Amino acid sequence: MKKRFKFSLAWQILAGLVLGIIVGAVFYGNPGVEKYLQPLGTIFLNMIKMIVVPIIVSTLIIGVAGTGNIKQLGKLGGKTLLYFEIVTTIAIVVGLLSANLFHPGEGIDMSSLTKTSIDQYVHTTEEVQSSSHGILDIIVNIVPKNVVSAMAAGDMLAIIFFSVIFGLGVAAIGDKGKPVLAFFEGVADAMFWVTNFVMRFAPLGVFGLIGVTVSKFGLASLLPLGKLMILVYATMAFFIVVVLGGIAKLVGINIFHLMKTLKDELLLAYSTSSSESVLPRVIEKMQKFGCPKDIVSFVVPTGYSFNLDGSTLYQALAAIFIAQMYGIDLSITEQITLVLVLMVTSKGIAGVPGVSFVVLLATLGTVGIPIEGLAFIAGIDRLLDMARTVVNVVGNALATVVMSKWEGRFNPEGAENSNLEDNTSIEKLA
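Analysis parameters
- Residues numbered from 1 in each chain as written.
- Predicted model: local features only at pLDDT ≥ 70, side-chain atom pairs only at ≥ 80, totals over all residues.
- Heavy atoms only, no water.
- Helix = DSSP H or I, 4+ residues; strand = E, 2+ residues; numbered from the N terminus.
- Buried < 20%, exposed > 50% of the residue type's maximum accessible area, 1.4 Å probe, protein only.
- Contact = heavy atoms within 4.5 Å.
- Areas by Shrake-Rupley, 256 points an atom, 1.4 Å probe, with all protein chains shown as cover.
- Phe/Tyr/Trp six-rings, centres within 6.5 Å; stacked < 30°, edge-to-face > 60°.
- Lys NZ or Arg CZ within 6 Å of the ring centre and 35° of its normal.
- Patch = residues over 30% accessible without salt bridge, like charges linked within 9 Å, V, L, I, M, F, W, Y side chains within 5 Å.
- Salt bridge = Lys/Arg side-chain N within 4 Å of Asp/Glu carboxyl O.
- pLDDT = per-residue confidence, 0-100.
- Expected span 1.5 Å × (residues − 1).
- Arc of directions from axis to C-beta.
- Axes fitted to C-alpha atoms, helices over the stretch in contact; angles between N-to-C directions.
- Parallel < 35°, antiparallel > 145°, perpendicular 65-115°, else oblique.
- Left-handed = near helix turned anticlockwise from the far one by under 90°.
- Nonpolar A, V, L, I, M, F, W, Y, C, P; charged D, E, K, R; others polar.
- Core = buried A, V, L, I, M, F, W, Y, C linked by side-chain atoms within 4.5 Å.

### What about the overall build of the protein?
Counting its secondary structure elements, the protein contains 21 helices and zero strands. Counting over 430 residues, the protein shows a buried share of 54%. Residue pairs at least 24 apart in sequence account for 87% of intrachain contacts in the protein once pairs closer than 6 positions are excluded. Working note: accessible area of the protein is about 19100 Å², and carbon and sulfur atoms make up 66% of it.

This is the structure:
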């Protein structure tokens, strides 16, 4: 019997992506594209942001209350941060090695490149640098003065801190906490339904966002920076297959199996260049994959601040690219300094809009690289951001498996069954 083709969510998103590219290319330079298509993308991203905080709070409280062990949670937090630091450091080193091996910035005629304004990033960087963002400040800011304002601002670490403490409180009061736990279980179930409902609008959101992007830069502007784009994408692919694939093999899973499970989310993250757009669905999918609720709801949101593998890899590669473009030969000592500064800076301003550019602006001057060089690559940053977003999502999803295995709480049946489940939650809405 011939298998009937199913127009699944992944195909719908892909169709939105292709149509957006076509419309953007046909109407290149037409301001009407942004006027009419940008609202589609903005509405979709706002819908996602609307549901992120309730999902994180409810799932984390449920998971922590179910565990109720502060010592176990402390160990999980320590192991998670250690793992994040090791993997992001490897990402920075991979970025540096790639740039040093393939020299993407050499031989580029800067007069043929179009400069894009980076004033908004400069302003953000000045704001960040004017307020101290050292390690101690990060620790202090984890504790929210006002949990409602932290939720309104989407301050992920503060939200996680409050949810963990509240979950421990629910566990500590025993039977009195059962109605509270039942309430948050209802909230979590309702919000996952809302997530699947919102995902129906993903193809429209993707169509709008991509259409606007392509109409602004045009396909011809990619040619002078083609070598950089190819190298960024190739290095990202290498990092996923070799580095993350190697880590996955160490813990007994196949990285391609994990990516197949997350195919809808990876395509959406790539199209929107927003990790946040898939956060609720990644939490849901990783629970089905066999990871416990408390580990998933702690590791995934924390990873959005501390485990930006794709972003840190790109920052290292872009820094060397700009240095090569200006003919600056960085010594080993200067490159080690760059690694150390990136390790600290990328953690200190996680969650800031345009974080990769802001990190680069705050970092380049420390090793004598002109920050003006960023203006040459700002025009294609959105396309590069699409690639690094995919790496960030895969890295955070894998981190939940690593932590679940490390804690001895991974359910292998979930990973096996995930192959059998393809968009079941979407189909339930139909």
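### Topic: the packing of aromatic side chains
If you walk through the whole model with that rule in mind, you get eight aromatic pairs. Seen in terms of ring centroids, Tyr-83 and Phe-84 are 6.2 Å apart; in terms of plane orientation they differ by 55 degrees. Their pairing is tilted. Since its relative accessible area comes to 9%, Tyr-83 is described here as buried. Taken together, a centroid distance of 5.1 Å and an interplanar angle of 75 degrees make the contact between Phe-183 and Phe-184 edge-to-face. Taken together, the aromatic side chains of Phe-162, Phe-166, Phe-183 and Phe-184 make up a single cluster linked through ring pairs. Sitting over the face of the ring of Tyr-314, Arg-388 holds its NZ or CZ atom 4.2 Å from the ring centroid.

### Some thoughts on a nonpolar patch on the surface
Side chains of Phe-7, Trp-11, Leu-14, Val-18, Leu-19, Ile-22, Val-26 and Phe-27 sit close together on the surface and give an oily, nonpolar patch of about 760 Å² of accessible area. Counting through the fold element by element, Leu-14 comes out in helix α1 (residues 9-26). Under the relative-accessibility criterion, Leu-14 is labelled partly exposed at 32%.

### Comments concerning the confidence of the model for the protein
Overall, the predicted model of the protein reaches an average pLDDT of 85, with 86% of residues at or above 70. The low-confidence segment residues 422-430 (pLDDT under 50) makes 22 contacts with residues lying over four places distant or belonging to another chain.

### A word on the environment of Val-52
Inspection of the secondary structure assignment puts Val-52 in helix α2 (residues 31-67). Considering only alpha carbons, one finds Val-52 and Val-278, 226 residues apart in sequence, at a separation of 9.2 Å.

### Digging into helix α8 (residues 178-198)
Taking 1.5 Å per residue as the helical rise, α8 with its 21 residues ought to reach 30 Å, and the 30 Å between its terminal C-alpha atoms agrees with that figure. Restricting attention to buried positions, one finds in α8 the residues Phe-184, Ala-188, Met-191, Phe-192, Thr-195, Asn-196 and Val-198. The arc that holds every buried residue of α8, seen down its axis, measures 155 degrees, which confines them to one face. Set apart from the buried face of α8 by more than 90 degrees, the exposed residues are Lys-178, Pro-179, Phe-183 and Asp-189.

### Considering the packing of helix α14 (residues 293-306) against helix α19 (residues 381-406)
The contact between α14 and α19 brings their axes to 9 Å, and the two run at 140 degrees. It follows from the interaxial angle that α14 and α19 lie oblique. When the axes of α14 and α19 are compared, the crossing they make is right-handed. Of the residues in α19, those in contact with Ile-295, Val-296, Val-299, Val-300, Gly-303 and Tyr-304 of α14 are Asn-396, Ala-399, Thr-400, Met-403 and Ser-404. In terms of residue class, the contact of α14 with α19 is made up of seven nonpolar, four polar and no charged.

### Observations concerning the pattern of salt bridges
Once their charged atoms are close, side chains differing in charge can pair, the charge on each being opposite to the other. Under the counting rule described, the total for this entry stands at nine salt bridges. With a closest N to O distance of 2.9 Å, Lys-285 and Glu-265 form a salt bridge. With a gap of 20 residues between them, Lys-285 in helix α13 (residues 279-289) and Glu-265 in helix α12 (residues 263-272) connect regions that are remote in the sequence. Relative accessible area serves as the criterion here: at 0%, Glu-265 is assigned to the buried category. For Arg-388, the salt bridge is made with Asp-381, and the minimal N-O distance between the two is 3.1 Å. Since its relative accessible area comes to 2%, Arg-388 is described here as buried. Residue classification places Asp-381 among the buried positions, given a relative accessible area of 9%.

### Here we look at the environment of Asn-30
Relative to the assigned elements, Asn-30 resides in the loop between α1 and α2. With relative accessibility at 38%, the residue Asn-30 sits in the partly exposed group. Each C-alpha atom of the pair Asn-30 and Lys-216 lies 8.1 Å from the other, and the pair is 186 residues apart in sequence.

### With respect to the nonpolar core
Nonpolar side chains in soluble globular proteins tend to end up buried together. In terms of nonpolar packing, the biggest core is built from 128 residues, with Met-286, Ile-377 and Leu-398 touching the most fellow members. Excluding residues within four positions of it along the chain, Ile-377 makes contact with Leu-225, Leu-228, Tyr-314, Ala-318, Phe-321, Ile-322 and Phe-357.

### Re the environment of Ser-404
One can find Ser-404 in helix α19. Classification of Ser-404 as buried rests on a relative accessible area of 0%. Each C-alpha atom, one on Ser-404 and one on Val-299, is 9.8 Å from the other, the two residues being 105 residues apart in sequence. Contact partners of Ser-404, with chain neighbours within four places excluded, come to Cys-291, Pro-292, Ile-295, Arg-409 and Phe-410.

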